[in-house]
Amino acid sequence: MDSTATASVPRSRPLATPPASSAGAERGATLIDIKDLDFYYGAKQALFDINLQIPDKRVTAFIGPSGCGKSTLLRCLNRMNDLIDGTSVKRGAIKIRNVDIYGRDVDPIELRKRVGMVFQKSNPFPKSIYENITYGLRIQGVKNKTRLDEVVEKSLRGAALWDEVKDRLHESGLGLSGGQQQRLCIARTIAVEPEVILMDEPCSALDPIATAKVEELIHELKKQFTIIIVTHSMQQAARCSDQTAFFYMGKLIEFDATHNIFMNPKNPQTEAYVSGRFG
Amino acid sequence: MKRFFDAELETFRSDLLRMGEVAVRQVRDALQALVTGDIKLAEQVIAADDELDELEKRIDTEAIRYMNLRSPIATELRLVIVGMKASHDLERVGDEATSIAKRAIRLAAEPPLKPYVDIPRMTNTAIEMLCAALDCFIHADNEKAIAVVKRDKEVDAINKQLYRELSSYMVEQPGTITRALELMFISKSVERIADHATNIAEEMVFLSDAQDIRHDEALKKAGKAG
């Protein structure tokens with residue numbers, strides 16, 4: 001299946017059951033099912049036969065040396081790779097709540113509302129804190145001021161930023177510290193109530209205090225959201241995640257409970273990587 | 001890929017092996033001193049305990065430093081944890097050997113209560129268990145480690161048998177009470193040495209594959225009662 005071919009499919013139906021009606025879903029049940037996935041950048045294969053089941057409302061860490069495919073797989077989960085010319089899923093499928101996200105009738109824009117993303121470098125819009133949070137909702141056509149105010153407070157509280165910015169909501173988001181900007185981006189992501197939050201090295205540009213705040217936040221957010229985090233910090237993966245997937249050269253080498261990966265990995269390559277012997 | 005701090009783990013490993021070597025020698029020498037009434041050898045055993053105490057402290061310091069600065073993961077983490085626990089067991093083995101040596105000095109001043117048969121037998125079993133457990137540190141071998149755990153029953157059985165026998169001596173001939181009590185305590189020390197060997201064997205299984213086999217009654221019952 002060639003993802004570039006589906007990028008312009010009209011918005012025909014929601015990607016999957018929205019979160020409100022999925023409240024009864026069993027925590028820890030498979031939310032994302034990746035099956036036999038081969039992914040290419042042009043002629044170069046970046047992911048080989050990935051099979052992975054990601055549970056609901058848990059934190060899953062993707063680890064591995066640079067170029068191992070972990071960020072590529074992360075970006076496959078909300079079809080961010082569609083934005084790069086020549087990329088394609090040539091085999092396999094990714095299903096979220098049993099809906100194939102590369103299916104012909106799935107709208108990538110709708111998908112990205114359900115599967116939000118936080119990047120390595122915080123990227124607030126050059127707008128006020130308030131406008132950063134409400135941007136997604138305004139695009140969706142929400143205009144009610146009371147509703148927008150509620151979402152701003154709820155999202156900023158959810159991102160553990162409310163107390164720090166409540167008195168300057170109309171100042172520029174760019175005036176915040178690096179750690180605050182990253183939490184603002186998380187608040188912006190959760191404002192549209194996604195089911196899944198993808199985090200691509202969210203703390204790599206933060207100092208230890210800001211990192212600790214984001215990690216604390218991840219721990220809180222997993223009660224409501226399914227989180228997938230790409231990290232180069234073994235300690236961060238160990239602290240934050242419930243299960244960990246180790247990738248090497250485009251292949252999934254091992255996937256297990258984080259405790260097992262860091263206490264007794266089955267594969268010698270995993271052991272060598274987590275112990276800092278290669279990578 | 002070799003890391004600049006790999007040498008620290010090598011030192012840690014070799015210190016633990018050195019402790020094992022000294023502890024085994026201490027037990028052997030203590031037994032020899034008892035059986036032959038060699039007071040000089042018994043005094044050497046008592047004096048050598050300081051080396052085990054120092055090694056235990058050094059291993060703890062190295063382990064704490066390594067955990068603090070190197071954030072060990074997986075096998076390395078297990079090695080550091082097991083190293084600390086095993087070194088504690090080996091230090092206690094040294095204490096028991098010292099206790100046997102002190103009693104050997106007191107017993108050497110009196111005629112033997114009975115020929116030394118059971119105590120050498122149980123001590124040699126405990127030494128074999130200790131050596132096997134330490135071998136598992138060098139060459140991970142879970143079967144061998146589990147065999148050590150199972151052998152603990154053999155030593156326990158001899159200890160119980162000696163207890164009964166020595167109790168009879170004390171009842172029948174009150175003049176033997178002092179010597180019989182010394183032998184009872186020696187037998188108890190050997191039984192404890194076997195317990196420490198068992199602990200070390202269990203720790204080696206954890207080191208090898210993170211499996212916790214402590215307090216596995218089925219495993220212990222599977223051992224022969226001698």
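Residues numbered from 1 in each chain as written. Chains lettered and ligands numbered in written order. Predicted model: local features only at pLDDT ≥ 70, side-chain atom pairs only at ≥ 80, totals over all residues.

## Remarks on the overall build of chain B
A count of helices and strands for chain B gives seven helices and zero strands. N-terminal to C-terminal, the α/β element order of chain B is α-α-α-α-α-α-α. For 226 residues, the compact-globule estimate of 2.2 N^0.38 gives 17 Å, and chain B sits close to it at 19 Å. Taken along the three principal axes of its C-alpha coordinates, chain B extends 70 × 40 × 20 Å. Evaluated residue by residue, chain B yields a buried proportion of 41% over its 226 residues. Here the contacts in chain B between residues at least 6 apart in sequence split such that 83% fall between residues at least 24 apart. (Helix = DSSP H or I, 4+ residues; strand = E, 2+ residues; numbered from the N terminus. Rg over C-alpha atoms; globule rule 2.2 N^0.38 Å. Buried ≥ 20, exposed ≤ 12 C-beta atoms within 10 Å, placed from the backbone. Contact = placed C-beta atoms within 7 Å.)

## Let's talk about the interface of chain B and chain A
Counting from both sides, the interface comprises 10 residues of chain B and, opposite them, 12 residues of chain A. Among the residues forming the side of chain B that touches chain A, the class breakdown is five nonpolar, two polar and three charged. (Nonpolar A, V, L, I, M, F, W, Y, C, P; charged D, E, K, R; others polar.)

## A few points about the sheet that holds strand β1 (residues 30–41) of chain A
Residues and elements named next belong to chain A. Judged by pairing direction, the sheet is antiparallel, and its four strands sit side by side in the order β2-β1-β4-β5 without closing on themselves. The outermost strands of the open sheet, each flanked by one partner alone, are β2 (44–55) and β5 (99–100). Pairing of β1 with β2 involves eight bridges; the strand directions are antiparallel. Residue pairing in the sheet places Tyr41 in a bridge with Lys44 of β2. (Pairing = 2+ DSSP bridges.)

## Structural notes on the packing of helix α3 (residues 75–108) of chain B against helix α6 (residues 177–209) of chain B
All names here are of chain B. At a closest axis distance of 9 Å, the pairing of α3 and α6 adopts a crossing angle of 165°. For the element pair α3 / α6, the angle class is roughly antiparallel. In the crossing of α3 with α6, the sense of the turn from one axis to the other is left-handed. Residue composition of the contact of α3 with α6, by class: 12 nonpolar, four polar and 11 charged. (Axes fitted to C-alpha atoms, helices over the stretch in contact; angles between N-to-C directions. Parallel < 35°, antiparallel > 145°, perpendicular 65-115°, else oblique. Left-handed = near helix turned anticlockwise from the far one by under 90°.)

## Considerations on helix α7 (residues 208–221) of chain A
Residues and elements named next belong to chain A. The end-to-end C-alpha distance of α7, which contains 14 residues, comes to 20 Å, matching closely the 20 Å that a straight helix rising 1.5 Å per residue would cover. Regarding α7, the residues found buried are Thr211, Lys213, Val214, Leu217, Ile218 and Leu221. What you see down the axis of α7 is that its buried residues fit within an arc of 160°, all on one side. Those residues of α7 that are exposed and angled more than 90 degrees off the buried face are Pro208, Ile209 and Glu220. Looking at the buried side of α7, the elements it contacts are β3 (59–63), α6 (178–191), β7 (196–200), β8 (226–230) and α8 (234–240). (Expected span 1.5 Å × (residues − 1). Arc of directions from axis to C-beta.)

## So, the pairing of strand β10 (residues 251–257) of chain A
Look at any regular strand and the pattern is simple: side chains alternate between the two faces of the sheet. Residue and element names in this part refer to chain A. Sheet topology places strand β9 (residues 243–248) next to β10; six bridges connect them, and they run antiparallel. Each residue of the ladder has a partner; that of Tyr248, found in β10, is Lys251. Here β9 folds back onto β10, and the loop between the two strands holds two residues, one of which, Met249, carries a positive phi near 50°.

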